[in-house]
Amino acid sequence: MINRRMGAIVDRGMAPLLLIPSVLLLLLILVGPFLYMVWTGFTDLHFALPGREGSFVGFDNFRRLVREDHIFWHSFLLTLKFVVWVVIIEFIAGFALALLLFHFIQKRRLFLTLLLVPMMLAPVAVGLIWKLLLQGDFGMVTYYLRLIGVIDERTAILSDSSLVLPAIMLIDLWQWTPFVTLIMLAGLLSLPREPYEAAVMDGAGPLQLFRDVTLPLLRPIIALVLLLRGIDAFKEFDKVFILTGGGPGIATELLSIYTYRVNFKDWDLGYGAVCAFMVYLVVLILCAVFYKAVFWGGGQRSRRAGFAR
Amino acid sequence: MRLEPSFGRLFRISMETAFLAILLTLFTGTHAVAWTLEEAAAPYKGITIRTIGEALPPLEAMEKLKGDFEERTGIEVVIEMYEHSEAVNKVMLDLNSKRGRYDFILQPHRELGRFVANGHVEALEKYLDNSALRDPSFSPEDQLYQGLWKEISWYGGKIYGFPFTALTMYMWYRDDLLNDPKEREGFKAKYGYDLKPATTWQEYTDIAEWFTRPDEGFYGTAIQGKRHEALWYEWLNFLYSFGGDMLEVKAGSECGPVIVNSPEAIASLEYYKSLMDYSPADTLNYFWDDVMALMQQGKVYQLIMWNDATYAVAEDAEASTVAGKMGFDIIPQGKGGKVGQVEGWTYLIPTYSKNKEAAYLFVQWMMEQQQQLNQHLNGGASARPDVYAHPDVQQISYSKASMDTNAVALPKPTIPESPQITDILVRELSSYLSDQKNAKEALDTAAAEISKLLGSCAPMKYPVQ
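Residues numbered from 1 in each chain as written. Chains lettered and ligands numbered in written order. Predicted model: local features only at pLDDT ≥ 70, side-chain atom pairs only at ≥ 80, totals over all residues. Heavy atoms only, no water.

A.B. asks: Where do I start with the pattern of salt bridges in this structure?
C.D. replies: Side chains carrying opposite charge are able to pair once their charged atoms draw close together. Tallied over the entire structure, the rule returns 41 salt bridges over all chains. Here B:Lys66 and B:Glu63 are joined by a salt bridge, their closest N and O atoms 3.1 Å apart. Here B:Lys66 and its partner B:Glu63 are both found in helix H4 (residues 57-73), three residues apart, which amounts to about one turn of the helix. Judged by its relative accessible area of 12%, B:Lys66 falls in the buried class. The network of salt bridges with shared partners includes A:Glu90, A:Asp172, A:Arg229, A:Asp232, A:Glu236 and A:Lys239. (Salt bridge = Lys/Arg side-chain N within 4 Å of Asp/Glu carboxyl O. Helix = DSSP H or I, 4+ residues; strand = E, 2+ residues; numbered from the N terminus. Buried < 20%, exposed > 50% of the residue type's maximum accessible area, 1.4 Å probe, protein only.)

A.B. asks: Whenever I open this one, the environment of B:Thr168 confuses me. Can you help?
C.D. replies: All names here are of chain B. Here Thr168 is to be found in strand E6 (residues 163-174). A sequence separation of 89 residues divides Thr168 from Pro257, and the C-alpha atoms of the two residues are 25 Å apart. If near-sequence neighbours (up to four positions away) are discounted, Thr168 is found in contact with Met305, Trp306, Asn307, Gln341, Val342, Ser402, Thr405 and Asn406. (Contact = heavy atoms within 4.5 Å.)

A.B. asks: Please explain the domain arrangement of chain B as it appears in this structure.
C.D. replies: Frequently, the measure chosen for interface size is the accessible area removed from exposure when the parts meet. All names here are of chain B. When its domains are assigned, chain B resolves into domain 1 (37-166 + 343-407) and domain 2 (168-341 + 414-457). Each of domain 1 and domain 2 has a C-alpha centre, and these two points are 29 Å apart. Taken together, the contact pairs 27 residues of domain 1 with 28 residues of domain 2. In this assembly, domain 1 packs against domain 2 so that about 2400 Å² is buried in total across both faces, 56% of it on carbon and sulfur atoms. For the domain 1 face of the interface with domain 2, the top three residues by lost area are Arg110, Tyr398 and Thr405, together amounting to 28%. The interface formed by domain 1 and domain 2 contains zero salt bridges. Connecting domain 1 to domain 2 are seven residue pairs in polar contact (both at pLDDT 80 or more). Ranked by residues supplied to the side of domain 1 that touches domain 2, first place goes to helix H21 (residues 399-408) with five residues. (Domains from an automatic or database assignment. Buried area = accessible area lost by both parts, 1.4 Å probe. Polar contact = N/O pair within 3.5 Å; in protein donor to acceptor, adjacent residues only side chain to side chain.)

A.B. asks: How should I be thinking about unusual backbone geometry in this particular structure?
C.D. replies: A negative phi angle is the norm for most residues apart from glycine, just as the trans form is the norm for most peptide bonds. Here the bond from A:Gly247 into A:Pro248 is cis, since omega is -10°, no more than 30 degrees from zero. Along the polypeptide, A:Pro248 turns up in the loop between helix H10 (238-243) and helix H11 (255-264). Although it is not a glycine, A:Trp267 sits at a positive phi angle of roughly 60°. Examined against the element boundaries, A:Trp267 turns out to sit in the loop between H11 and helix H12 (269-308). One non-glycine residue with positive phi stands out, namely B:Lys98, at about 55°. Assignment of secondary structure puts B:Lys98 in the loop between helix H5 (84-97) and strand E3 (105-108).

A.B. asks: What is the right way to look at the interface of chain B and chain A in this model?
C.D. replies: Contacts between chain B and chain A engage 33 residues on the former and 35 residues on the latter. It is B:Arg227, B:Ala281 and B:Asp282 in chain B that bury the most area against chain A; as a group they hold 22% of the surface buried on that side. A salt bridge links A:Arg261 to B:Asp423, with the shortest nitrogen-to-oxygen separation between them at 3.1 Å. Connecting chain B to chain A are 18 residue pairs in polar contact (both at pLDDT 80 or more). Here the side of chain B that touches chain A is built from residues that sort into 11 nonpolar, 12 polar and 10 charged. (Nonpolar A, V, L, I, M, F, W, Y, C, P; charged D, E, K, R; others polar.)

A.B. asks: What am I meant to see in the state of the cysteines here?
C.D. replies: Residues and elements named next belong to chain B. For the structure shown, the criterion picks out one disulfide over all chains. The disulfide bridge from Cys255 ends at Cys457, spanning 1.8 Å between sulfur atoms. Taking the torsion about the sulfur-sulfur bond, which here is approximately 65°, the covalent link between Cys255 and Cys457 counts as right-handed. One end of the pair, Cys255, is in the loop between helix H13 (229-241) and helix H14 (263-274); the other, Cys457, is in the segment after helix H23 (439-454), and 202 residues separate them in sequence. (Disulfide = S-S within 2.5 Å.)

A.B. asks: Which parts of the structure should I look at to understand helix H18 (residues 369-377) of chain B?
C.D. replies: An α-helix turns once per 3.6 residues; consequently, residues spaced three or four apart project the same way. Residue and element names in this part refer to chain B. Every buried residue of H18 is accounted for by Gln371, Gln372, Leu373, Gln375 and His376. Structurally, H18 contributes buried residues whose contacts are with H4, E6, helix H17 (356-366), helix H19 (385-388) and helix H20 (391-394). Residue Gly379 follows H18 closely and has a positive phi angle near 100°.

Pasting the structure below:
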């Protein structure tokens with residue numbers, strides 16, 4: 001009895017103590033640099049120009065971003081467009097594929113392994129592979145697209161400002177749809193059988209089963225997948241950097257590419273910090289809004305359930 | 001007995017010779033004999049010096065040459081090779097962190113202003129004035145092309161280094177096709193004049209059009225249209241030749257009015273884009289590596305390219321299907337007359353280097369004629385006239401084009417903001433080539449941004465409404 005109480009006291013005392021190392025580590029490698037970045041955003045730090053050693057300039061950089069920087073806003077809209085399209089299509093295609101695998105395929109292991117190949121490649125390798133496939137003179141994909149008449153002899157996908165972004169989206173689909181499939185399939189496999197049996201007893205058809213049983217049960221998994229893909233797509237860099245470097249013109253200049261340019265081409269670190277901060281801010285807001293939207297219904301229900309109990 | 005007198009005579013002759021030798025030594029001054037690389041390097045024996053540059057034949061040649069220096073001095077030389085932008089970025093980070101990882105660096109000269117203005121690199125006068133370090137036979141004032149040296153390695157009247165490569169661009173064309181009787185006959189029938197290396201831009205277009213045969217996978221020309229520095233470099237040839245420029249200045253280290261949206265500049269850009277009609281479909285995704293490969297594979301008739309890539313196309317039969325079939329000439333002329341553009345990579349010694357003296361000794365040794373010749377013959381681009389005068393170099397197919405262009409090469413901005421100017425122009429040029437803007441819009445945007453970047457010293461000569 002006494003022993004147990006002592007144990008509890010020691011536990012309570014020890015818990016924060018044991019947390020200290022990880023908290024310190026987080027402060028050191030996450031919070032610290034983040035705060036430093038925010039601070040840098042308020043300075044004129046510039047590596048290339050003399051006399052810009054990082055003195056405080058207030059909100060100058062923010063003002064410049066909001067009022068003067070057309071390219072930033074172009075990149076911002078372009079990135080949003082990229083994220084919305086890519087995430088929606090990947091989700092639909094990935095989910096459909098997961099359902100297909102779940103319902104109709106018995107030996108899933110082989111299919112899954114094959115499916116996961118694009119996802120397992122390093123992003124830079126994906127960029128390089130597609131750069132060769134889409135090469136405008138001898139690229140294999142270009143050759144077949146010309147053969148079936150999708151593009152003409154004078155068109156090269158990566159050189160065409162109207163085709164290049166859709167092409168990069170398709171590559172992203174190729175690379176990340178398997179990820180959605182994998183998670184959704186895991187979700188489907190973990191679902192309990194009872195609600196289905198009950199629903200079937202009540203006379204529900206397949207469509208009703210899907211809409212009223214599967215989807216609600218999968219809600220947290222769906223939220224997770226959309227969130228992860230959304231954040232990832234927002235940060236897309238490697239493929240675009242390798243395939244086009246943001247070009248032609250500014251046709252594929254996503255926010256991450258633009259931020260890279262400001263920081264590591266122009267070395268305008270004060271302003272670059274503001275750009276990076278904006279990326280962070282947007283991701284944070286998107287996540288929060290999204291999280292609320294997906295979990296709101298679920299939250300309501302569980303609160304009600306708690307009340308009843 | 002008969003040997004005696006001859007032995008005596010021999011003895012006397014050798015004594016006289018020794019005496020004369022001593023006299024000669026005294027008269028020619030002591031330092032000429034006293035300075036040797038081995039002695040100068042003795043205090044630094046056993047240390048390691050490190051450098052960084054672009055992974056191209058000139059640096060690979062240096063890697064092969066350095067062994068001789070290491071053997072003679074006991075100083076180890078480590079060379080890091082990276083792709084162009086990577087080599088520039090790594091140096092920028094190292095200099096700003098003041099770590100001093102590199103004892104000397106190799107950088108494109110457009111970066112020089114940045115380095116000098118921030119105090120990242122050292123002026124070399126103090127090494128050149130130090131008799132313990134300076135090889136008395138090394139006199140860059142006489143041994144280098146002065147114009148190139150000043151453009152590539154000087155800033156604000158001070159010496160910061162020596163040219164590692166003096167790069168220029170000129171016209172590459174297929175000499176074998178030019179001399180093909182069938183081609184000559186057909187060309188003359190269509191255009192009314194003889195097929196020859198283009199000397200005007202109209203001729204350049206005609207020739208490009210004549211040789212464009214997409215069914216055979218062969219094109220008249222190719223432009224480096226990717227959003228990459230290569231695009232800017234290539235366009236400068238057209239800009240200068242059409243009589244335009246970026247800033248109205250006399251030297252690269254000056255700031256002056258922005259004229260990049262002048263009528264000449266707009267005309268040059270429109271002409272440049274017109275060449276897309278005679279280029280492969282993917283031309284907007286090419287930079288220097290791609291057009292070099294295109295030429296090596298014999299898929300294009302003419303283009304404008306760098307001298308440090310020439311060797312791999314014109315001479316290296318293992319890498320090139322057109323080795324021995326190439327011709328080279330200065331670019332065609334427009335309103336701007338005979339011009340060329342120069343871009344050099346320069347040796348520099350960072351302020352934070354820990355072994356500056358040893359680094360200076362290595363650079364000085366590399367600038368000797370023997371090393372320069374060797375490097376040049378292996379794909380380098382020396383800034384020493386005596387290298388070009390050497391019979392082995394005279395035999396190289398591109399020597400004349402190289403020398404002609406060197407003689408008329410124009411300076412480009414090297415002020416601290418110049419890399420940012422490049423970045424702005426690359427973006428706008430690429431926007432125009434990919435039909436997102438017209439030529440005037442693109443150059444107006446660039447001019448306004450450059451003028452804003454440079455501030456009061458750079459008003460716009462052609463204001464934008």
